[in-house]
Amino acid sequence: MDGTELPPNRKAQKLFEGNNMEPTYDRISNLPDSILLHILSFMSTKEAIRTSTLSTRWRDLWVFLPIIDMDDGLKPESAEDSMLEKPWERNFMSKYSFVVLVSKALLYRDALCLRKFCLGLNMSVSLRVFKGWISAAIDHNVEVLDLNLREKTEYVFPSSFFISKSLCTLAITMYHTLVVPSRICFSSLKKLYLSGVEFQDNESTELFFSGFPVLQQLALYCCDWENLTTVTFKIPTLESFYFHAETTENDVLDCTIELYAENLKYLKYTGYFIVELILCNISSLVYASISLYDAVELDYQMKTEFAADLLDAIGSVKFLTISIETLKYLFHEDDFVILLPIFYNLIHLEMGVNPVGEDDYFAGKELTCFLQNTPNLLSLDIPVGINEFILETVPDCFKSCLKSVSISVFEANLRELDFLNRLFASATALEKVTILFYSKTIFNLEKQEKIKRDLQILRRKMGLEMVKVSFEYKF
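Trainee: Got a minute to help me understand the overall build of the protein in this structure?
Mentor: Counting secondary structure elements, the protein contains 14 helices and 20 strands. Within the protein, the proportion of its 475 residues that are buried is 47%. Excluding contacts between residues fewer than 6 apart, the proportion of contacts in the protein whose partners are at least 24 apart in sequence is 66%. Within the structure as shown, the protein displays about 24,100 Å² of accessible surface, and the carbon and sulfur contribution to it stands at 51%.

This is the structure we're talking about:
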């Protein structure tokens with residue numbers, strides 16, 4: 001409809017005249033392209049594409065957006081998702097071929113830069129088309145590239161991809177081999193996330209990870225290491241590293257990864273004992289989270305040594321989250337002694353819970369043993385509860401510097417009250433104890449009041465009225 005036309009039918013025209021209104025203009029369509037593109041930037045790519053049906057003025061305007069997010073959506077994740085799928089979405093995809101739309105977004109942009117390109121593929125496309133898309137994104141100086149290649153097609157990246165000067169963030173999810181050329185240099189890439197990627201061999205893998213001169217964040221999630229034996233990653237600029245190892249058909253792999261990262265500040269390791277990760281020269285580490293799962297066929301001694309080596313490498317850490325299950329590998333059998341480092345820098349310790357495995361772990365003697373190695377600890381967070389906690393030997397940190405303790409799943413039974421009794425008696429620097437009502441206790445007001453009374457009596461008995469005891473709720 002032309003912007004200057006009056007209302008199209010006679011009834012609407014009478015209403016228009018009766019209200020003494022000015023003619024309605026399509027003011028939005030008359031705005032400059034830059035403003036229209038700014039309006040479209042608040043929409044998803046799919047919504048922006050649909051504006052093409054408004055008028056010729058809007059046709060293909062979405063192609064020039066700096067952020068393109070395309071997902072074929074051809075395979076809903078569940079039957080429920082399929083039921084929720086709207087018919088007009090199916091019609092939309094049948095009218096505009098997904099391949100044509102992606103090609104149009106990447107190949108018809110002229111010289112415009114592409115800030116971010118996200119691609120989700122359930123279906124298979126030809127290697128020629130895929131390479132053309134990636135090459136076009138690189139040619140348009142894409143800064144963020146997020147590829148979710150759920151189809152197990154053997155996609156090969158063009159050579160221009162491996163020497164991109166514009167890429168700052170790269171995320172790849174794919175379930176096949178990453179073919180690496182002889183020349184690699186991502187000169188601007190600071191964030192790299194790889195999921196499900198299968199690495200070809202030792203040499204190409206080391207070559208790949210040597211091509212990130214300014215890399216700061218690296219995440220490796222459920223990657224396939226079966227083709228590797230020993231690889232070395234030297235990434236001096238790396239500040240954050242997340243590694244998750246999933247189970248495999250062979251359970252234990254003959255693979256060792258050595259990571260040299262002298263500027264590493266944050267480490268998170270989760271998963272099973274399938275890959276030996278050796279951390280070298282990470283004295284700058286500030287935050288670490290360790291959660292090891294017990295599922296593969298390794299004898300106890302090997303698991304213990306694995307966990308001990310990992311803890312030994314992070315001895316300089318200041319803030320540590322460690323799962324109860326991990327501690328059980330370290331302090332389970334009395335006849336197998338593990339020599340852990342003294343964590344002189346550690347000021348905050350939190351007990352974690354694995355997302356898989358047993359869910360009834362409580363802090364017990366393992367935590368007591370570990371606390372003996374934390375002489376300068378200031379705060380302790382026990383979200384798993386202390387039903388099995390036996391404070392046979394009071395840690396030095398309790399006597400000298402511990403200021404804050406937070407406890408969840410608290411029910412004020414005899415063992416928990418005994419722990420607090422010993423804590424109040426020995427922790428001379430204690431300033432605050434936080435009790436988090438959790439699970440069944442959160443809805444039992446009578447039990448909450450009893451817990452509060454018991455703790456107030458205990459605090460007065462120990463002459464520690466100055467220690468603040470607060471109560472919070474955790475859902």
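Trainee: Can you walk me through the sheet that holds strand 13 (residues 276-280) in this structure?
Mentor: Strand order in the open sheet formed by 3 strands is 9-11-13, with parallel pairing between adjacent strands. The outermost strands of the open sheet, each flanked by one partner alone, are strand 9 (230-234) and strand 13. If you compare each strand with its neighbour and ignore which way they point, the axes differ by 15° on average. Sheet topology note: the strand 11 (residues 256-260)/strand 13 ladder contains 5 bridges and is parallel. By the bridge assignment, Glu-258 is partnered in strand 13 with Ile-278.

Trainee: I'm lost on the packing of aromatic side chains in this one. Help?
Mentor: One pair of aromatic rings is described through two measures. These are the centre distance and the angle between the planes. Considering all chains together, one arrives at 21 aromatic pairs under this definition. Relative to Tyr-242, the ring of Tyr-221 lies with its centre 6.5 Å away and its plane at 25°, an arrangement referred to as stacked. Taken as a pair, Tyr-221 in strand 8 (residues 217-221) and Tyr-242 in strand 10 (residues 240-245) lie far apart in primary sequence, 21 residues in all. For Tyr-242, a relative accessible area of 22% puts it in the partly exposed group. Aromatic side chains Phe-243 and Tyr-269 sit 5.4 Å apart centroid to centroid with 20° between the ring planes, which places their arrangement in the stacked category. Pair noted here: Phe-243 is in strand 10 and Tyr-269 is in strand 12 (residues 266-271), with a separation of 26 residues, a long-range link. The pair Phe-243 / Tyr-269 is uniform in exposure class, with both members buried. The side chain of Lys-234 reaches across the aromatic face of Tyr-260, ending 5.6 Å from its centre.

Trainee: For this particular structure, what's the right way to read unusual backbone geometry?
Mentor: One can expect most non-glycine residues to show negative phi and most peptide bonds to be in trans. One non-glycine residue, Asn-141, lies in the positive phi region at around 60°. With respect to the secondary-structure elements, Asn-141 resides in the loop between helix 7 (127-139) and strand 3 (144-149). Phi is positive for Asn-281, which is not a glycine, with a value near 55°. Within the fold, Asn-281 resides in the loop between strand 13 and strand 14 (287-292). Residue Asn-281 is classed as partly exposed on the basis of its relative accessible area, which comes to 46%.

Trainee: Just to check I follow, could you spell out the pattern of salt bridges for this structure?
Mentor: Opposite charge on two side chains permits pairing when their charged atoms draw close. By the definition in use, this model includes 1 salt bridge. Between Arg-150 and Asp-71 there is a salt bridge, with its nearest N and O atoms 3.0 Å apart. A residue pair is termed long-range when its members are at least 10 positions apart, and Arg-150 in the loop between strand 3 and strand 4 (169-174) and Asp-71 in strand 1 (residues 67-71) qualify at 79 residues. With relative accessibility at 29%, the residue Arg-150 sits in the partly exposed group. Residue classification places Asp-71 among the partly exposed residues on the basis of a relative accessible area of 37%.

Conventions and cut-offs
- Residues numbered from 1 in each chain as written.
- Predicted model: local features only at pLDDT ≥ 70, side-chain atom pairs only at ≥ 80, totals over all residues.
- Heavy atoms only, no water.
- Helix = DSSP H or I, 4+ residues; strand = E, 2+ residues; numbered from the N terminus.
- Buried < 20%, exposed > 50% of the residue type's maximum accessible area, 1.4 Å probe, protein only.
- Contact = heavy atoms within 4.5 Å.
- Areas by Shrake-Rupley, 256 points an atom, 1.4 Å probe, with all protein chains shown as cover.
- Pairing = 2+ DSSP bridges.
- Axes fitted to C-alpha atoms, helices over the stretch in contact; angles between N-to-C directions.
- Phe/Tyr/Trp six-rings, centres within 6.5 Å; stacked < 30°, edge-to-face > 60°.
- Lys NZ or Arg CZ within 6 Å of the ring centre and 35° of its normal.
- Salt bridge = Lys/Arg side-chain N within 4 Å of Asp/Glu carboxyl O.

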